[in-house]
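Structural overview for review
Residues per chain, in single letters:
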Amino acid sequence: MHKLLIDSPDTEMLLLGNEAIARGAIEAGVGVASCYPGTPSSEIPDTFFAMFKEAGFYFEYSTNEKVALEVAAGAAISGVRSIVTMKHVGMNVASDSLMTMAYLGVNAGMVVINADDPFLFSSQNEQDNRYYARLSGLPMIEPTNAQEMKDMTVAAFDISEQLKLPVILRTTTRLNHLRGAVRFGSIKPIQSKGFFKKDPFHFVAIPAVSRNLHKILVEKYDQALELSEKSKYNQIIGSGKWGIVTNGVSMNYVQDAINDLGIGDKVTILRLGFSYPMPEKMIEKFLSNVEKVLVVEELEPVMENEIRSIAQSKGISMPIKGKGNNLFPRLYEYDPGLVRKTIASYFNVPDTSPAMVDVSALSELPGRPPNLCAGCPHRAMYYAIKKVYGPDAIYPSDIGCYTLGVLPPLSMADLVICMGGSIGSACGIEAATDQKVVSFIGDSTFFHAGIPALINAVHNNHNFTLVILDNGTTAMTGHQPHPGVDTTPMGVDTTQLSIESIVRGCGVEHVQVVNPLQVKKSIAAAQASKDFDGISVIISKEICPLYARAIQKAKKARPFYVNQDKCKQHLDCINHLACPAMYIADNKTMINESLCIGCAVCAQVCPENAILPLKKPA
Amino acid sequence: METKRIVFVGVGGQGNLLASRLLGEACISAGIPAVVSEIHGMAQRGGIVESALIMGAKSPIVSKGEADILIGFEPSETLRALNKCNKDTVVITNIHPLPPFTVVIGQGVYPDIDKSLDIIRDNVSLLIAFDGDELAAKAGNPLSLNMVMLGALVGSRVIPLKEDILKETISKTTKQTFLESNLKAFDFGLAASRIG
């Protein structure tokens, strides 16, 4: 049995925050779960994937977040509890559906898990999605630790059913990727089938219907506010005259700081876990008992501004600060030291933080940026394209492992916006310049947001080359399947779609499928694309070696070595491929046998044929 | 209880996430309140991987200068993480180098290990340094470096966890094929830090 399906309440387990959310969904009897993976949310759907058959609910990796949200919406309108998970930028993709789902509402609990990424550990921006609650009018809740990740997921379903609205549960990377003790609750039986009761004059969002629905949504705000005022996740803790308002992971930093500084008797904390709508009466009560307030919230001054506004409307005047000089930044994530230091300085108490070791004498350490793995097929395709198109062509890229191609010496990414952005932006660059353009997009990303852009490119007679880096999986987020993947090895039954057929179906006439590990053929394909006037597509098809290993489909290949008698130190292998299995020791180019997977690309690149397979497989 | 803030640093693939997680599981078994933080995603591809375990506090991460213990799986990464330390920090480090690719393509110079160890030793309360890769290989599994480092942590006696609890946790979570070598690696680490 999957460890998260154990139905014995009070079991205690060390869980990843994302596993705790998955357990919460199980306890709430979720019937339908959908997602598009994305750090830091990916382990939630991966946990569902590992257990959904055994548990008996429906789960899918959807094509993108918008589709995923609609899947969950369809289920919840049909009376089945549903959950949909995504990262913060995924919410941008899903937002079109989200905004109107707030009007339509639901018949069973629907929870939208939104994972923000302060500090951009694995994202293209660090937008603050608390604004989505304000924009859509949907309630938002924010847990602070692993236990609450589980408990508040359960609570979110109840809130959703009370208000007949989807509820957004917002996390940040530190919460998704912490591990903490979680005490289980009991599991509600899964109800995986509902009934779609026709009610077109409620569920068909035409203007005449939506005018009325908007009124209902505004009325629901008052009900949500009432729930927020009474929520156990909104708490006033302590009775001191110094007020601190906080949410999410920052709550931990505040509690530790107060403890470290020994000012527990002087402070009152207002913790907002049901953070939209903000509980006005509770905030008024809190403000009336303190003399000054510090707001501790990562990213934008959302609570700070709203609390000031509430104070103003209640005629309360006192210093309410959060962001600013000597206070908190609007950038990146917070940490315990920053919060302790700022609390100490704002309330004028001695800071007890230990002094950091003086590292000024250290010489600069070599960087260790993430890198494409040894034997990664993306590296081989980058080599072929660069060989033909040269360093001056413009290379719009996309979201995935291959974005790492931006780093020298590959230097094969010039513009990255968002999922699917490589193709649309290529249309614009090509129209606005006389430069050659080659776009790169991964297979999963192509399905996610590339197809409409490719249709646009064909329809509007653009002229560039698109390389679809098809490694047979959604690699960066942890090898989730996508519509182009044969899921049989994973024990599930889905229909595999052909990228080539889709590309041809989009109207592309010049389509080539190559194995990027065959260097000469890849170069020839690149040349043919370059010579073609119009939209040409190269599908670079070779399985991700890490994924191949994971599903036990890795080819047994002999690792390579450098024959030192033949090597003349051109360093083409090092300078053009930058494979992490290669290194230089005592002025000799060497290959680390234990890292080399025998892709043989370097052997094809070497002008002296000095790179040869080892006699015996390692 | 007294707060203990432990930082693990290493390179993707060295298994430091498993080490911090096992330590977390052991804390739960021993009834010690603990929270672990990890880094997943893009940063993991051959880059620096940092995790942390905090006993007796709520915050899941450790600020600069605030580690009670720093466990380095790779010497240059231990050096890079020295900003997590203060004068009272105990540092436990593997001395087997894994030069990053930037060094290979001439974008940086790998630091001299002996000098690096001297710098660390001069700035913290205790440095325990040994070749963990060698111990892992001796235990019969080069991938058991994380067990060596866990053993060294317990052997240093800076955390209130006994070796039995860790061994029990390792036994519960390790595949049978690797169990013997993992426990051996743990013991080698234990011995290495007791001498150190």
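What you see is a predicted model, and the numbers here were worked out from it, not measured in a lab. (Residues numbered from 1 in each chain as written. Chains lettered and ligands numbered in written order. Predicted model: local features only at pLDDT ≥ 70, side-chain atom pairs only at ≥ 80, totals over all residues.)

1. Quick word on the sheet that holds strand β1 (residues 4–11) of chain B
On the basis of which strands lie adjacent, the open sheet formed by eight strands has the order β1(A)-β8(A)-β2(B)-β3(B)-β1(B)-β4(B)-β5(B)-β6(B) and mixed pairing. Looking along the sheet, the strands with just one partner apiece sit at the ends: β1 (12–16) of chain A together with β6 (126–130) of chain B. Going from strand to strand, the sheet's axes swing by 20° on average, the running direction of each strand aside. Here β1(A) pairs with strand β8 (residues 178–183) of chain A via five bridges, running antiparallel. Across the sheet, residue A:L16 finds its bridge partner in β8(A), namely A:R179. Contacts between helix α6 (residues 146–163) of chain A and the sheet are confined to β1 and β8 of chain A, with β8(A) contributing the most and set at about 60° to the helix. (Pairing = 2+ DSSP bridges. Helix = DSSP H or I, 4+ residues; strand = E, 2+ residues; numbered from the N terminus. Axes fitted to C-alpha atoms, helices over the stretch in contact; angles between N-to-C directions. Contact = placed C-beta atoms within 7 Å.)

2. Description of the sheet that holds strand β4 (residues 82–87) of chain A
Two orientations exist for strands paired in a sheet by backbone hydrogen bonds: parallel and antiparallel. All names here are of chain A. Strands sit in the order β3-β2-β4-β5-β7-β6-β12 across an open sheet of seven strands; the sheet is mixed. Either end of the sheet is taken by a strand with one partner, and the two such strands are β3 (58–61) and β12 (274–276). With four bridges connecting them, strand β2 (residues 32–35) and β4 associate as parallel partners. Looking at the pairing, A33 lines up with I83 of β4.

3. Structural notes on helix α1 (residues 17–27) of chain A
All names here are of chain A. Of all 11 residues that make up α1, 11 are buried, and the element is covered over most of its length. Turning to α1, its buried residues are G17, N18, E19, A20, I21, A22, R23, G24, A25, I26 and E27. Of the residues flanking the end of α1, it is G29, one or two places downstream, whose phi is positive at about 70°. (Buried ≥ 20, exposed ≤ 12 C-beta atoms within 10 Å, placed from the backbone.)

4. Let's talk about the pairing of strand β7 (residues 167–172) of chain A
Residues and elements named next belong to chain A. In terms of burial, β7 is a largely internal element, six of the six residues being buried. Here β7 shows no split at all, with V167, L169 and T171 on one side and I168, R170 and T172 on the other all buried. As paired elements, strand β5 (residues 110–116) and β7 share six bridges and run parallel to each other. Within the sheet, the bridge partner assigned to D116 lies in β7 and is T172. One ladder, built from two bridges, connects strand β6 (residues 140–141) with β7; its direction is parallel. Bridge pairing in β7 links I141 to L169. Running through α6, the crossover from β6 to the neighbouring parallel element β7 is right-handed. (Right-handed = clockwise from strand over helix to strand, strands pointing away.)

5. Re the nonpolar core
A:A72, B:V7, B:M149 and B:L150 are the most contacted members of the largest nonpolar core, which has 181 residues in total. Those residues in contact with B:V7 that sit more than four places away from it in its chain are B:E50, B:A52, B:V62, B:A67, B:L70, B:I71, B:A81 and B:K84. The next biggest cluster of nonpolar side chains, apart from the first, holds 71 residues, and it includes A:A453, A:L466, A:F560 and A:L577. (Core = buried A, V, L, I, M, F, W, Y, C linked by C-beta atoms within 7 Å.)

6. Concerning the interface of chain B and chain A
Chain B puts 50 residues into the contact, and the matching count from chain A is 47 residues. Breaking the side of chain B that touches chain A down by element, the ones donating at least two residues are α1 (16–29), β2 (34–37), α2 (75–80), α3 (101–104) and α4 (113–123) of chain B. Grouping the constituent residues of the side of chain B that touches chain A by class yields 25 nonpolar, 17 polar and eight charged. The pairing of β8(A) with β2(B) spans three bridges and is antiparallel. Bridged to A:L178 within β2(B) is B:S37. (Nonpolar A, V, L, I, M, F, W, Y, C, P; charged D, E, K, R; others polar.)

7. What to know about helix α7 (residues 163–173) of chain B
Each full turn of the α-helix corresponds to 3.6 residues, which orients residues three or four apart in the same direction. Residue and element names in this part refer to chain B. Restricting attention to buried positions, one finds in α7 the residues L166, K167, T169 and I170. In a view along the axis of α7, the buried residues occupy a sector of 160°, so they form one face of it. Across α7 from its buried face, at more than 90 degrees, point the exposed residues D164, S171 and K172. (Arc of directions from axis to C-beta.)

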